[in-house]
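# Structural overview for review
Here are the chains, one letter per residue:
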Amino acid sequence: MFEGLKHWAEEVVADYGYWGIFIVSFTESIIQPVPPDPFITGGTAFGLTPLYAALTAAIGSVFGGVVGYFLGRFLGEPVFKKFIGEKHYDRGEILFRRFGIWAVIIAAITPIPFKAVCWLAGIFEMPFWGFVLAAFIGRLPRFLFMAYFGQWLGNL
């Protein structure tokens, strides 16, 4: 099983490299469910530079988050509830009312669905540059960890 995953990750990195990491990170922050973490880890395990891989993923994720932010801002609550669900909307509202900018940082670092928080930041009209800064502050450490973890695995 792990050999198959290893082979697949090698192919993704060999075919797309940093662009593959960027695209997965970008789209994951808008709507698609595949997180960039295994791509970052696999990429650095097979030779990509950890710092560049993490920065590429963080920038892609923040750009995707900006798209999600504006989708939330312009499409609003009804569309969000249709795609993500009432449960995530209610949780997001509680999170934003309670933590504000920290909600974005927490979601960016943890397994909380980042795309949902990006949409909610737009819906609740969070200040744009505060959102961008919080997203980058949260995403970069997570992706740096995954990148250096991948490098460590590659050295085994």
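For the structure, see preceding data.
Okay, so let's go over this structure. In this text, all values refer to a predicted model and were calculated from it rather than measured experimentally.

Here is what the cut-offs are and how they apply
Residues numbered from 1 in each chain as written. Predicted model: local features only at pLDDT ≥ 70, side-chain atom pairs only at ≥ 80, totals over all residues. Heavy atoms only, no water. Axes fitted to C-alpha atoms, helices over the stretch in contact; angles between N-to-C directions. Helix = DSSP H or I, 4+ residues; strand = E, 2+ residues; numbered from the N terminus. Parallel < 35°, antiparallel > 145°, perpendicular 65-115°, else oblique. Left-handed = near helix turned anticlockwise from the far one by under 90°. Contact = heavy atoms within 4.5 Å. Nonpolar A, V, L, I, M, F, W, Y, C, P; charged D, E, K, R; others polar. Polar contact = N/O pair within 3.5 Å; in protein donor to acceptor, adjacent residues only side chain to side chain. Core = buried A, V, L, I, M, F, W, Y, C linked by side-chain atoms within 4.5 Å. Buried < 20%, exposed > 50% of the residue type's maximum accessible area, 1.4 Å probe, protein only.

## Some points on the packing of helix α2 (residues 37-45) against helix α7 (residues 128-155)
Put simply, α2 and α7 touch, their axes get as near as 7 Å, and they point 40 degrees apart. In this view, α2 runs oblique relative to α7, as classed from their interaxial angle. Between α2 and α7 lies a crossing whose hand is right-handed. Side by side, α2 and α7 meet where Asp37, Ile40, Thr41, Thr44 and Ala45 of the first sit next to Arg142, Phe143, Met146, Ala147, Phe149, Gly150, Gln151, Leu153 and Gly154 of the second. Residue composition of the contact of α2 with α7, by class: seven nonpolar, five polar and two charged.

## Quick word on the side chain of Arg139
Mapped onto the fold, Arg139 is located in helix α7. In this structure the side chain of Arg139 is engaged in a polar contact, spanning 2.9 Å, whose partner is the side chain of Ser61. Setting aside chain neighbours within four positions, we find Arg139 in contact with Glu28, Ser29, Ala58, Ser61, Ala107, Ala108 and Phe114.

## A short note on the nonpolar core
Counting residues in hydrophobic clusters, the biggest one holds 26 residues, and the most contacted among them are Phe80, Phe96, Val104, Phe114, Leu120, Met126 and Phe131. At the level of elements, α3 (50-83), α4 (86-99), α5 (101-109), α6 (114-123) and α7 are the ones that each hand at least two residues to this core. Those residues in contact with Phe96 that lie beyond four places of it in its chain are Ala103, Val104, Val117, Leu120, Ala121, Phe124 and Met126. Core analysis: the next-biggest nonpolar cluster, separate from the first, contains 13 residues, Ile21, Phe39, Ala53 and Ala147 among them.

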